[in-house]
Amino acid sequence: MYHMNIGKDCRIAHSAHLDKSVNPRGIHIGDRVWILRDAMVLAHDNCRSLKVATYIGNDSIIGVRSILMPGVRIGSEAVIGSGSVVTKDIPDNCIAVGNPAHIIKTGIKVYNGKIIESCETVQTVP
């Protein structure tokens, strides 16, 4: 209906917000993505006059009440923690949390909305 690119077998909560107001063609969601309750995926910003595409890779999980800002790319098998605000691209196979979101773990594998393998914790400065 809104001409968004939404992949196969995605689970999108009814309360999730996919930006339909200005640029519905700007949201691209891969296969088997989970977008949880009250998450927001934006593709425009009126204050900065932006209308840009936002991408979510295959097998990713977008946590409860997280926000993906316009123009970001979320890699495949990435997990965005609950309440995170993503302002920059997040690579494949990692976990990102916080405001602004930062990577806390790399080398993860995701299957059917669950982390099935994790490898390396990233050292962060508080």
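Here's what I pulled together on the structure shown here. Predicted model, so just to flag it, every value in this text is computed and none were measured.

## Points about the sheet that holds strand 4 (residues 27-29)
Each strand in a sheet pairs with another by means of backbone hydrogen bonds, the pair being arranged parallel or else antiparallel. On the basis of which strands lie adjacent, the open sheet formed by 4 strands has the order 1-4-9-12 and parallel pairing. Either end of the sheet is taken by a strand with one partner, and the two such strands are strand 1 (5-6) and strand 12 (73-74). Sheet topology places strand 9 (residues 54-56) next to strand 12; 2 bridges connect them, and they run parallel. Each bridged residue has a counterpart across the sheet, and for isoleucine 56 the counterpart in strand 12 is isoleucine 74.

## Some remarks on the side chain of aspartate 19
Examined against the element boundaries, aspartate 19 turns out to sit in the loop between strand 3 (17-18) and strand 4. The side chain of aspartate 19 is buried and forms no salt bridge, while lysine 20, the nearest opposite charge, is found at 7.9 Å. Of note is the side chain of aspartate 19, whose polar atom sits 2.9 Å from the backbone nitrogen of alanine 43.

## Here we look at the state of the cysteines
All told, the structure shown has 0 disulfides when counted by the stated rule. Free cysteine cysteine 10: the closest other cysteine sulfur is in cysteine 94, separated by 19 Å.

## Brief notes about the packing of aromatic side chains
By the definition in use, this model includes 0 aromatic pairs. Stacked on the ring of tyrosine 55, the Lys or Arg arginine 73 has its end atom at 4.0 Å from the ring centre.

## Concerning the sheet that holds strand 6 (residues 40-41)
As summarised here, the arrangement of the 4 strands in space is 3-6-11-14, forming an open sheet in which the pairing is parallel. The open sheet has two edge strands with one neighbour each: strand 3 and strand 14 (85-86). When strand 11 (residues 67-68) meets strand 14, the two strands line up parallel, connected through 2 bridges. Paired with isoleucine 67 across the two strands is valine 85, which belongs to strand 14.

Criteria and thresholds
- Residues numbered from 1 in each chain as written.
- Predicted model: local features only at pLDDT ≥ 70, side-chain atom pairs only at ≥ 80, totals over all residues.
- Heavy atoms only, no water.
- Pairing = 2+ DSSP bridges.
- Helix = DSSP H or I, 4+ residues; strand = E, 2+ residues; numbered from the N terminus.
- Buried < 20%, exposed > 50% of the residue type's maximum accessible area, 1.4 Å probe, protein only.
- Lys, Arg positive; Asp, Glu negative; His and termini not counted.
- Salt bridge = Lys/Arg side-chain N within 4 Å of Asp/Glu carboxyl O.
- Polar contact = N/O pair within 3.5 Å; in protein donor to acceptor, adjacent residues only side chain to side chain.
- Disulfide = S-S within 2.5 Å.
- Phe/Tyr/Trp six-rings, centres within 6.5 Å; stacked < 30°, edge-to-face > 60°.
- Lys NZ or Arg CZ within 6 Å of the ring centre and 35° of its normal.

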